[in-house]
Amino acid sequence: MTGPQKLSPRVRTMWHLSASLVAGPLTIVAVVAGLIGAFEGLAVIVAVAAVVAIVAIAAAILGPRLRYERFRWELTGDGLQISHGVLLRVQSAIPVFRVQQIDVRQGPVERWFGLVTLHIATASSGSDGTLPGIAADRADDLRRELMARVSADDGV
Amino acid sequence: MTSPPEPGDASAPPSVASTSSAPGQGTGRPQRLHPLSPVIDLVRIAPQTLLPMVFFVAREPLVAVPLSILVAVLVIGARFLAWSRFTYVIDGDSLVVERGILNRSRRVVPLDRIQQVDLLRKLRHRIAGLAVVRVDTAGTGSEAEVTLDAVSDAEADRLRAVLGVRARDAVPAWPAAEDAGTGATTRPGSAEVEREVLAIGYRRLALAGVTGAQLAVVFAVLGSLAGLLDEVVVSMGERVVGEVADGARPAISVLIVLGVGAVVVWLAVAAGAAIVADADYRLTRRGDVLHVRRGLLDQREASLAVHRVQVVRILQNPLRRMLGLVSVTLQSAGGSGSVEGVDSRVTVPILRRAEVEALVSEVLPGAPPLPGLAAAPAAARRRAWTRRVGPALLLALPVAVLLAPWGILALLLIPIGVLDAELVYRGLGWARVGDHIVARRGGLLRETNVVPMAKVQSTRLASSPLQRRVGLANLLLDVAGRGRTPAVLDGAADDLGPLHLGALGTLAARRDEQAVRRRSTAEIAATPKAAST
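Note that the structure is a prediction, hence the values are computed from the model and not measured.

**Here we look at the pairing of strand β2 (residues 87-91) of chain B**
Residues and elements named next belong to chain B.
Now for step 1: When you tally the buried positions in β2, you get 4 out of 5 residues, the bulk of the element.
Now for step 2: Relative to β2, strand β1 (residues 31-32) runs antiparallel, the two sharing 2 bridges. Directly across from R32, in β2, lies its bridge partner T87.
Now for step 3: Here β2 folds back onto strand β3 (residues 94-99) in antiparallel fashion, the turn holding 2 residues, of which G92 has a positive phi close to 65°.

Written out as structure tokens, the structure is:
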């Protein structure tokens, strides 16, 4: 592996899907409320409804895209580095010998997209070692590679 | 005491042969808890059980007597059954606990994973000569890994010594020579000397209570008293209007005396509570193991290997800062929080600021003297102001304008916001000294964390859009154990970035050093009497 990696592009589609599951109903409610407001002649409701609808749609379209673009991870000889976040940006560094546990999790939607989430845990509960959107066929190799690098050090 | 044969006796100094045979401390028969342990807890529920029972017996002796005997037999029988099926043994390099009447469970705790050993002697235990032993391993659960409730005093001290000294960084075979010495810590003439690091007398404990967190309550009491006084005075004033003014004066002075008296009583209570909790506070060190003993009625002891200390937290409230006092907490990696409502963290309730240095260098080997922390960047001050004075303005101005006469009081929020912002800004600071990071935060309650890089599990560099605009960032240092994540807040992103990335390399280097240390420990161990003090 060389250089910072992106997540699987499929995760973007998945995020779009899950975001639209929230944004869709919200938009419908906003449109209905806006129409009622328009019939009743309440400009404030129309304005609020329009803002809600626009923000919801924009968030569903832009959010996953930006999140995907911002997410980078890299496994080096020293450890795992993750950089993510659109507004609150977080760079996380986990030395490889601190890794205590590696979980591979897959929800039903992820299964459908052929993705898994890797949770890399240390002795500290604060560590941020979550890698969403890893292609399922790669996950096993990745986990094995990480495990191979994790030494017997108990990290405490 | 009267418990089954103690394998611990085998590791006592006279029998050197047994210790040289195996690295394990004791490989004896599984032991039971003290025979009194099934019933000792009944003392606690006795008052609320016995009284109704007495009434019951008095009213319906024919039914009540056999019934209560039956219940008592059942309860005590069940407890004795549970007791008879609960055994523990130090088997080689593990503490093995087996328990359960129907569902047997067997728990194996590797000794080198033990983070902290706590002893608790409630009053009932002290009278009976017992102690509860609590063993913590690294983990995030809320329960202690193993609780032995209860064993005899001598056995507790033996376990503390054995488990405490074995809590080492995965030393595969701890040398037999040292085991012989430390296995006998409770006996006179042991090889390693227990050295007092710190003792706190009653006067300072009282000071700790008076200046401690309870102070807020004192102010609350004062406030409510003032309110009461005000009310009474006003109502009296109304009544007195037509009367002779002299009549009310004695009453008011009585009230003032009462109020002052209440505060004095309250301060005395606070001081007393601190003394009851921490009387005879002693922090000692034997070899690598720190040991805290405290408590007047309920006695608590905690044992913690020095290299298990993850963070040293130094806390100050404004009053203590004025008086130059602090309290210090040592965080170990034990995940669990409390035993019977008492936090398992090792805390020094009060310390003069001048003494902090010595304590830190004692509990964090290789820690440098605490540096002076440079002021945070000017951008951090602006950020503190916008975050605190801004909302105060937004709230206070409309209120002041809209609710004109009394609403003007809301303007008081502004100086409070300014004060808070300034305090928060001045509280910020950090420094990296050698392999340690010192980070300070907090406005009124100031917290300084001393974090050895070697104990940092991972780092996170986080920045919000507003922080990025002015080149600030937060660096979070994830450590094991419970407690707030130590963090450098609002530092210059340019300084924190390399520190964050360097963490990977530094830690890798530390790992090498650990391996070196492990090897050298084994070498030192080969030569007897090389124990460091």
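**So, the sheet that holds strand β17 (residues 429-433) of chain B**
All names here are of chain B.
Now for step 1: Spatially, β16-β13-β12-β19-β18-β17 is the arrangement adopted by the 6 strands of the open sheet, whose pairing is antiparallel. Of all strands in the sheet, those bounded by a partner on one side alone are β16 (346-352) and β17. Strand-to-strand, the axes of this sheet are offset by a mean angle of 15°, without reference to chain direction.
Now for step 2: The pairing of strand β18 (residues 436-441) with strand β19 (residues 446-452) spans 6 bridges and is antiparallel. Paired with A439 across the strands is N449, a residue of β19.

**Some words on the side chain of B:S463**
Now for step 1: Counting through the fold element by element, B:S463 comes out in strand β20 (residues 456-463).
Now for step 2: In contact with B:S463, not counting residues within four places along its chain, are A:L87, A:L88, A:R89, B:R468, B:L472 and B:A473.

**Section: the confidence of the model for chain A**
Now for step 1: A residue-level look at chain A finds 94% of positions with pLDDT of 70 or above and a mean pLDDT of 86.
Now for step 2: Of the regions scoring below 50 in pLDDT, residues 152-156 of chain A engages in 21 contacts with residues more than four places distant in sequence or in other chains.

**Description of the nonpolar core**
The nonpolar side chains of soluble globular proteins are, as a tendency, buried together.
Now for step 1: Among the nonpolar cores identified, the biggest contains 36 residues, and B:V312, B:V328 and B:L330 are the most heavily contacted of them.
Now for step 2: When neighbours within four sequence positions are excluded, B:V312 is seen to be in contact with B:V328, B:T329, B:L330, B:V360, B:V363, B:L364, B:T448, B:N449 and B:V450.
Now for step 3: In this structure, A:V11, A:I82, A:V99 and A:L118 belong to the second largest nonpolar core, which totals 24 residues.

**Comments concerning the pattern of salt bridges**
Residue and element names in this part refer to chain B.
Now for step 1: Applying the stated criterion to the full structure yields 33 salt bridges over all chains.
Now for step 2: A salt bridge links R484 to E447, with the nearest nitrogen and oxygen atoms 3.0 Å apart. Separated by 37 residues along the polypeptide, R484 in the loop between β21 (472-479) and β22 (487-492) and E447 in strand β19 bring together distant segments of the chain.
Now for step 3: For E447, a relative accessible area of 9% gives the class buried.

**Details of the domain arrangement of chain A**
Residues and elements named next belong to chain A.
Now for step 1: Here chain A is partitioned into domain 1 (10-68) and domain 2 (72-154).
Now for step 2: Distance between the C-alpha centres of domain 1 and domain 2: 33 Å.
Now for step 3: Between domain 1 and domain 2, the residue contacts involve 8 residues of the former and 10 residues of the latter.
Now for step 4: Counting each side, the surface lost to burial between domain 1 and domain 2 is near 760 Å², with a carbon and sulfur contribution of 78%.
Now for step 5: The largest per-residue losses of area from domain 1 upon contact with domain 2 belong to R10, V11 and M14, which jointly make up 60% of the total buried on that side.
Now for step 6: Our count for the domain 1 to domain 2 interface comes out at 0 salt bridges.

**Structural notes on helix α1 (residues 10-40) of chain A**
Residue and element names in this part refer to chain A.
Now for step 1: Along its 31 residues, α1 runs 44 Å from first to last C-alpha, staying within 8% of the 45 Å computed at 1.5 Å per residue.
Now for step 2: At S20, α1 shows its maximal kink, close to 30°.
Now for step 3: Along α1, the residues classified as buried are V11, M14, W15, A23, T27, A30, G34 and G37.
Now for step 4: Each element contacted by the buried residues of α1 is listed here: α2 (43-70), α3 (108-113), β5 (115-121) and β6 (130-135).
Now for step 5: Immediately downstream of α1, the backbone of G41 shows phi near 75°, a positive value.

**Focus: the packing of aromatic side chains**
Now for step 1: On inspection of all chains with the given rule, the structure shows 2 aromatic pairs over all chains.
Now for step 2: Look at A:W112 and A:F113: their rings are 5.5 Å apart centre to centre, the planes differ by 80°, and that puts the pair in the edge-to-face class.
Now for step 3: For A:W112, a relative accessible area of 70% corresponds to the exposed category.
Now for step 4: With a relative accessible area of 13%, A:F113 lands in the buried category.
Now for step 5: Relative to B:W83, the ring of B:F80 has its centre 5.8 Å away and its plane inclined at 80°; by these criteria the two rings are edge-to-face. Taken together, the residues B:F80 and B:W83, both in helix α4 (residues 61-84) and 3 residues apart, mark about one turn of the helix.
Now for step 6: We classify B:W83 as buried; its relative accessible area is 17%.
Now for step 7: Over the face of the ring belonging to B:W83 we find B:R32, whose NZ or CZ atom lies 5.3 Å from the ring centre.

Thresholds, definitions, all that
- Residues numbered from 1 in each chain as written.
- Chains lettered and ligands numbered in written order.
- Predicted model: local features only at pLDDT ≥ 70, side-chain atom pairs only at ≥ 80, totals over all residues.
- Heavy atoms only, no water.
- Buried < 20%, exposed > 50% of the residue type's maximum accessible area, 1.4 Å probe, protein only.
- Helix = DSSP H or I, 4+ residues; strand = E, 2+ residues; numbered from the N terminus.
- Pairing = 2+ DSSP bridges.
- Axes fitted to C-alpha atoms, helices over the stretch in contact; angles between N-to-C directions.
- Contact = heavy atoms within 4.5 Å.
- pLDDT = per-residue confidence, 0-100.
- Core = buried A, V, L, I, M, F, W, Y, C linked by side-chain atoms within 4.5 Å.
- Salt bridge = Lys/Arg side-chain N within 4 Å of Asp/Glu carboxyl O.
- Domains from an automatic or database assignment.
- Buried area = accessible area lost by both parts, 1.4 Å probe.
- Expected span 1.5 Å × (residues − 1).
- Bend = angle between axes of the 7 residues up to and from the residue.
- Phe/Tyr/Trp six-rings, centres within 6.5 Å; stacked < 30°, edge-to-face > 60°.
- Lys NZ or Arg CZ within 6 Å of the ring centre and 35° of its normal.

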